[in-house]
Structure formats: structure tokens, C-alpha cells
Amino acid sequence: MAYRDERICEFFNSRTLMIVMGVVYVVVSLMAHQAAMASQSAIAPLFQEGDPWIAHPMWSYGANTLCVLGIIPLVVLLNKGYSFIREVTYVYGTIFLALQLAFPHLCVKWNPGSALCLLVVMVQLIMFSTYQRKEVAQKRVFLAFFLVSACSLYHYAFLALALPLLLGFLQMRAMNFRGFLAMIFGLITPFWLLLGVFVFKPELFSEPDLGFGIQMIQSRQLPILIAGIAAVALLTFVLSVLNLTKIISYRLQLRVYNSFYIILALFSVVMMLIDHNHLPVYLPLLTYALAIQIAQSFTIHTAMSRRWILLSLLFALCAASHAVYFYV
């Protein structure tokens, strides 16, 4: 019995299941997209305003799907390079895609949150390489904050990333006086360049709208969305605490890498409370943090030979969450 359970756990950890889930994500999200286009009342209320940058529905869906799928190989590369999850596993990719499908609002059309999450993983590749390397960190600090600032020209939510990234670089022990100067110059350079070529027009950029939108108050899916977010946040922080009891015995470098995911989860929850008119923008970051915590837990607590049952239950809940939006 234990041998069979172990083989099942190996399958859950495998790259094969992650690839299968990638195919499932594309098929199910495309079906959800078509259903949303056929019935505007199905899941569209949270996105009534649309996106002027990607107006065509199919291009909108395709761009979002590419962003979501692009996150997975980058996280695989990140973990291979820095081994913050010490065991070989790809379950984080499988879980992340399942969690995205659990909230149809994240996968039926373009969501800036998908690009936000993609940017975070890209910046992590830069940030993790600066661990205790103050002498070479300035260029990488500049690049990280330049990317954040440049993306904020599209959506202000990207600029909010500056705070968790600063905390992350401080944890990496990569910041000194020159590092802070590099951060400042990285943040102001994109705006400086726009001023230099005389294309800086304030009306091109979205302004923070921190009110609770009327369209969300009237949405029948709002209670389901809030309940789902609360469940994801609670599970993220419970697993973070449980995993810390084991991670605390790791060497300092791995502890620092893993602590950034707690910062990321806290950031996403706080921003959803502050900017609650744009919950879907910050939700992918929270699902990403949860996927990593689940992967940690799945590889740490190997004494539970039937832990795959809990993951199966999570997949079932994600499928139920996806389906319920179409019947409310």
C-alpha cells in the first residue's frame, strides 16, 4: 500500500502531470472564454470596462494565456538555479494552473495580474542572483526596478511592487548606498526617458481607483470570489507557518529565498484590501505564493504517504469553483 502511494506521489511531482495540466488549462480556459463571449452575464461583470490595449477578445485571451503559461518554465528555471524547494518536483506548476482555473476571471481574457506575476518571477531571477553580492548588485537592482517602473506606465499596480522588491533585496543583503541609488534611478528612468522624447502624457496612464466599483457590488459572483480569495489566503499562511518549522533548519540562503514568498503573499493580500476594485490584478500573485507553499509542504512532509489525497481534493475544489461561476 505504501509503495503504491509513493508511486502516486511521484506522479503528482512529475513534469508529465504539469504538462497535462497545461493542456487542460488551455482547453478549459478557452471553453470558459467562449462561454463568456456567448453570454455576457456569465462571468464578465468584473471586466465590463475592457482593456483598450488589447481590444479583440481572442487576442486578449491569447495574451493572457501566454503570460500564464510563460510563468511555469521561469519558475522551473528559478528553482533549478536556486533550489529553494530542495526536492525535485513540478507540482507547483500543476497547482498554479489549477488555481488559475478555479477563478475564471483570471483566465477568460487579459488580466494585468498575469503580467504582474510574470514580472515578479523575472525579477526573482535577478534578485536571487544578488544574494550577499553587494559589489555586483547595483546593475541588477537598477534593472529590476527599471522593469517595475516601465511596466507601471501600463498599470499602476506594477509600481506597488517596489516595496516587496526592496524588502527582498534587503533580505538578500545586496543593498548598500549605491544599491539605493540604483533603485531610485531605476524607478525614475522610464519617466525620464518619456519626458526626453516628449511623449509623456498623463492621460495615457491609468489612475488609481481605490473605490469599491458598482459593477462588483452588483455582481452575483462577488461572494464566491471573496470566499475563494479568503480560502486561498488562509491556506497560504497556514502552510507558510507549517513549512517554516522545517525550513528553519535549512541554510540561511534557502531561508531567505523562501521568506520572499511570505512577503509576496502579504503584499497581495494587503493590496487587495487597499485596491479592492481590482482584486483580479493581485490574485495571481497570491495563487503563485500558495502553489510554492503547497509544493514545499508536499515535498517536506513525506511521512504522510497518502498526502496525494489532499492534492486530489484541492483539484476537485478548483474544478468545483470553476464550474459554480457558470451556475450563479
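Since we're looking at a predicted model, the values are computed, not measured. (Residues numbered from 1 in each chain as written. Predicted model: local features only at pLDDT ≥ 70, side-chain atom pairs only at ≥ 80, totals over all residues. Heavy atoms only, no water.)

## Describing the overall build of the chain
Now for step 1: Along the chain, the regular secondary structure elements total 13 helices and zero strands.
Now for step 2: What you see in the chain, going N to C, is helices and strands ordered as α-α-α-α-α-α-α-α-α-α-α-α-α.
Now for step 3: The buried share among the 328 residues of the chain stands at 52%.
Now for step 4: Across the chain, contacts joining residues at least 24 apart in sequence account for 83% of those joining residues at least 6 apart. (Helix = DSSP H or I, 4+ residues; strand = E, 2+ residues; numbered from the N terminus. Buried < 20%, exposed > 50% of the residue type's maximum accessible area, 1.4 Å probe, protein only. Contact = heavy atoms within 4.5 Å.)

## Some points on the packing of aromatic side chains
The relation between two aromatic rings is expressed through the spacing of the ring centres and the mutual angle of the planes.
Now for step 1: Using the criterion set out here, one finds 13 aromatic pairs in the structure.
Now for step 2: Relative to Phe128, the ring of Phe84 has its centre 6.2 Å away and its plane inclined at 80°; by these criteria the two rings are edge-to-face. Of this pair, Phe84 sits in the loop between α3 (57-82) and α4 (91-102) while Phe128 sits in helix α5 (residues 112-128), placing them 44 residues apart in sequence. When sorted by exposure, Phe84 lands in the same class as Phe128, which is buried. (Phe/Tyr/Trp six-rings, centres within 6.5 Å; stacked < 30°, edge-to-face > 60°.)

## Brief notes about the confidence of the model for the chain
Now for step 1: Confidence in the prediction for the chain averages 84 pLDDT; 86% of positions are at 70 or higher.
Now for step 2: For residues 210-218, every residue scores under 50 in pLDDT, and the model assigns this stretch 21 contacts once sequence neighbours within four places are set aside. (pLDDT = per-residue confidence, 0-100.)

## Observations regarding the pattern of salt bridges
Now for step 1: Overall, the coordinates contain one salt bridge when judged by the stated rule.
Now for step 2: Glu10 is the salt-bridge partner of Arg7, the closest N and O atoms lying 3.7 Å from each other. Of the two residues, Arg7 and Glu10 both sit in helix α1 (residues 2-13), three residues apart, roughly one turn of that helix.
Now for step 3: Exposure remark for Arg7: the relative accessible area of 46% places this residue in the partly exposed category. (Salt bridge = Lys/Arg side-chain N within 4 Å of Asp/Glu carboxyl O.)

## Regarding unusual backbone geometry
Now for step 1: Although it is not a glycine, Ser83 adopts a positive phi angle of roughly 50°.
Now for step 2: Among the secondary structure elements, Ser83 is positioned in the loop between α3 and α4.
Now for step 3: One non-glycine residue, Gln132, lies in positive phi territory at about 55°.
Now for step 4: By the secondary structure assignment, Gln132 is in the loop between α5 and α6 (134-152).

## A few points about the nonpolar core
Now for step 1: Ranked by size, the top nonpolar core spans 97 residues in total, and within it Ile95, Phe96, Phe103, Leu161 and Tyr288 carry the most contacts.
Now for step 2: If near-sequence neighbours (up to four positions away) are discounted, Ile95 is found in contact with Ala291, Ile294, Leu311, Leu314 and Phe315. (Core = buried A, V, L, I, M, F, W, Y, C linked by side-chain atoms within 4.5 Å.)

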